[in-house]
Amino acid sequence: MKHFCMPVLIALPVLAGIVLAAARMRRRTCKLWLMTAVFAVEAAGVVWLALNGADDVTLFRLTDTLVISLSLDRLGKLFALVFSFAWMLVGIFSFRYMTHEKREDLFFSFFLICEGMLLGACFAANLISLYLFYEMVSLLSMPLVLHSLTREAVAAALKYLFYSVGGAFLALFGLFVLSRYCTTLTFTPGGTLDLAALPGKENLVRAAAFCSILGFGVKAGLFPLHAWLPTAHPVAPAPASAVLSGIITKIGVIASIRMIYCITGTQLLAGSWVQQTLLVLSLISVFMGSMMALRETVFKKRLAYSTVSQVSYVLTGVFLMNEQALTGGLLHVVFHASIKVCLFLTAGSIIYHTGKTNVTDYRGLGKQMPLTLWCFTFASLALVGIPPFSGFVSKWYLAAGALGSGLGAFTWVIPAVLLISALLTAGYLITITAIGFFPGKDFVVRGKRCDGSVLMWGPIAALALFCLLAGVFSGVLVDLARSVAQSLM
């Protein structure tokens, strides 16, 4: 059982997606029950793995030294749990949402297949395996952006593909150089660099690591390779936007963590120009993303710029290379995934029921969709970092990690940027709540009160409730994130 569980969890959604595309089921209920069963099995299987562990598995060999294999450590468990449960909730939401979209069979097919590839990235035992699944996620998630086949969607999908492939080639260059100076490409806490071969080659190895991290950072929206995010999100269906922002961006995070903590090791990079440059880029992303979101009026595009900012919170914690900051970054992986999926599903529900895509049209929305707007408000407060919501906990650990890092100006610049970004986040999110619930005395309610089907508001409400409960009862998640961070240091 332990030997086959990881391959089954990767293969099951892939096979289900292929069957869904090939079988052309006429009865929609059959498709939905198939997807529900797959989501449930995936989530239950990941929980079983997290509790019981799994044996290492070799899938196949590219050469004698390049092996595609799977292994399960604490980092992989954490990301797999986040991915599987968030994916299930978005899938349930899409059952209703996709009734007003064409070609839903193809959407559901690629949606299922992408889940398998993402779990493969979580379970990857070495850098070659991770790179393979990273590339597959890029290629197979592009049709989710392309879905509507409009001119804008085609242009956005091509931009997403070009950025993803360009980042992957940059990562591959670094991987090729690092392979010459590592004893193995299998992920090992502390790194695998051959110290005997390193003298005189330190700068070359640092440059290779920088290229790989920057390449993987494309998926995470790291400046200056972030432009695909605000282009892809507005044209993609809301469920696609939710997983692109809340989940798929995290594959760039896990790849960066693997590179820094399991291949090069922090000893070579800490205090070097690589760390300083990466921190500067992440802080630019945090501030710039918040500023662009504040100026944007298209709702989904505003949330896309927000993703550029918030995922860089995670990367800042990763790049600080100390236990407390990494704990905060891992917590923000969990919290940002739930928050941003909730926000994008909220956007989808509003668009589905009202057709409104611009935040200037959301005046009085709370009179028409009160439950949806309350859920949006909960998620917004969590993203700002207002206690007792979840985002406060992760940002506290990130700020504390920066203050204790001993990195000169970064010790105070990072907390200052995080605070400014939080204020900007309140500016571009809480204002929507304000005009939604308090439209003014002259506002006339038009249309019936409607929060939609339980298939739509149910996942949104569950995520909004998690945003609150994860902050109030954060002890378990903090201990989990800390144990993962300690296992990597």
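Details of the structure are given in the entry above.
Every chain is numbered on its own, with residues counted from 1 as its sequence reads. pLDDT decides what is reported in this predicted model: residues at 70 or higher carry local features, side-chain atom pairs at 80 or more are listed and counted, and totals for whole chains, interfaces and linings draw on all residues regardless. Side-chain numbers come from the whole structure's heavy atoms, not from hydrogens or water.

Student: How do you make sense of the overall build of the protein when you look at a structure like this?
Tutor: Looking only at helices and strands, the protein features 19 helices and two strands. The globule rule used for comparison is 2.2 Å times the number of residues to the exponent 0.38, while the radius of gyration itself is calculated over C-alpha atoms. Rg of the C-alpha trace for the protein: 22 Å, near the compact-globule value of 23 Å for 489 residues, within the 12% margin. Overall, the C-alpha framework of the protein stretches about 75 × 55 × 45 Å when taken along its three principal axes. Note on classification: 1.4 Å probe, protein chains only; a residue is buried when its accessible area is under 20% of the maximum for its type, exposed when over 50%, partly exposed between these limits. Across the 489 residues of the protein, 59% fall into the buried class. What sets the accessible areas is the Shrake-Rupley method with a 1.4 Å probe; for residues, cover comes only from the shown protein chains. Accessible surface for the protein amounts to roughly 18200 Å². Of this, 67% is attributable to carbon and sulfur atoms. Within the protein, the 19 negative side-chain charges are centred at a point lying 9 Å from the centre of the 34 positive side-chain charges. Numbering of helices and strands runs from the N terminus, with a helix taken as a DSSP run of H or I at least four residues long and a strand as a DSSP run of E at least two residues long. Neither His nor the chain ends is counted toward charge; the positive residues are Lys and Arg and the negative residues Asp and Glu. Throughout, a charge is located at the NZ atom of Lys, the CZ atom of Arg, the CG atom of Asp or the CD atom of Glu.

Student: I'm lost on the environment of Met489 in this one. Help?
Tutor: Checked against the element boundaries, Met489 lands in the segment after helix H19 (475–488). For the pair Met489 and Leu326, spaced 163 residues apart in sequence, the C-alpha to C-alpha distance is 9.4 Å. Here a residue-residue contact requires only that any non-hydrogen atoms of the pair lie within 4.5 Å. If we ignore the near neighbours within four places in the chain, the residues touching Met489 are Tyr261, Met321, Asn322, Glu323 and Leu326.

Student: How should the nonpolar core be read in this particular structure?
Tutor: Soluble globular proteins tend to pack their nonpolar side chains together in the buried interior. We call a set of buried Ala, Val, Leu, Ile, Met, Phe, Trp, Tyr and Cys residues a nonpolar core when their side-chain atoms join them within 4.5 Å. Grouped together as the largest cluster of nonpolar side chains are 176 residues, with contacts concentrated most on Phe79, Phe123 and Leu330. Residue contacts for Leu330: discarding those within four places in its chain leaves Leu75, Leu78, Phe79, Ile257, Ala481, Val484 and Ala485.

Student: For this particular structure, what's the right way to read the pattern of salt bridges?
Tutor: Two side chains bearing opposite charge may form a pair once their charged atoms approach each other closely. One side-chain nitrogen of Lys or Arg within 4 Å of one carboxyl oxygen of Asp or Glu is enough to make a salt bridge. Inspection of the entire model under this criterion finds four salt bridges. Between Asp73 and Arg258 there is a salt bridge, with the nearest N and O atoms lying 2.6 Å from each other. Here the residue Asp73 occupies a position in the loop between strand E2 (67–70) and helix H3 (74–97), and Arg258 occupies one in helix H9 (residues 238–264), the gap between them amounting to 185 residues. Given a relative accessible area of 30%, Asp73 falls into the partly exposed group. One salt-bridge network, held together by shared partners, links Lys31, Glu104 and Asp105.

Student: Sorry if this is basic, but what is going on with the state of the cysteines here?
Tutor: Note on terminology: a disulfide is the covalent bond linking the sulfur atoms of two cysteines. In this description, a disulfide is simply a cysteine sulfur pair whose atoms lie within 2.5 Å. For the coordinates displayed, the defined rule picks out zero disulfides. Unpaired in terms of disulfides, Cys5 finds its nearest cysteine sulfur in Cys122, a separation of 13 Å. Assessed through its relative accessible area of 9%, Cys5 is described here as buried. This cysteine, Cys122, is not joined by any disulfide, and Cys114 carries the nearest cysteine sulfur, 13 Å off.

Student: I tried to follow the side chain of Ser241 on my own but got confused; where do I start?
Tutor: Within the element layout of this structure, Ser241 appears in helix H9. Since its relative accessible area comes to 0%, Ser241 is described here as buried.

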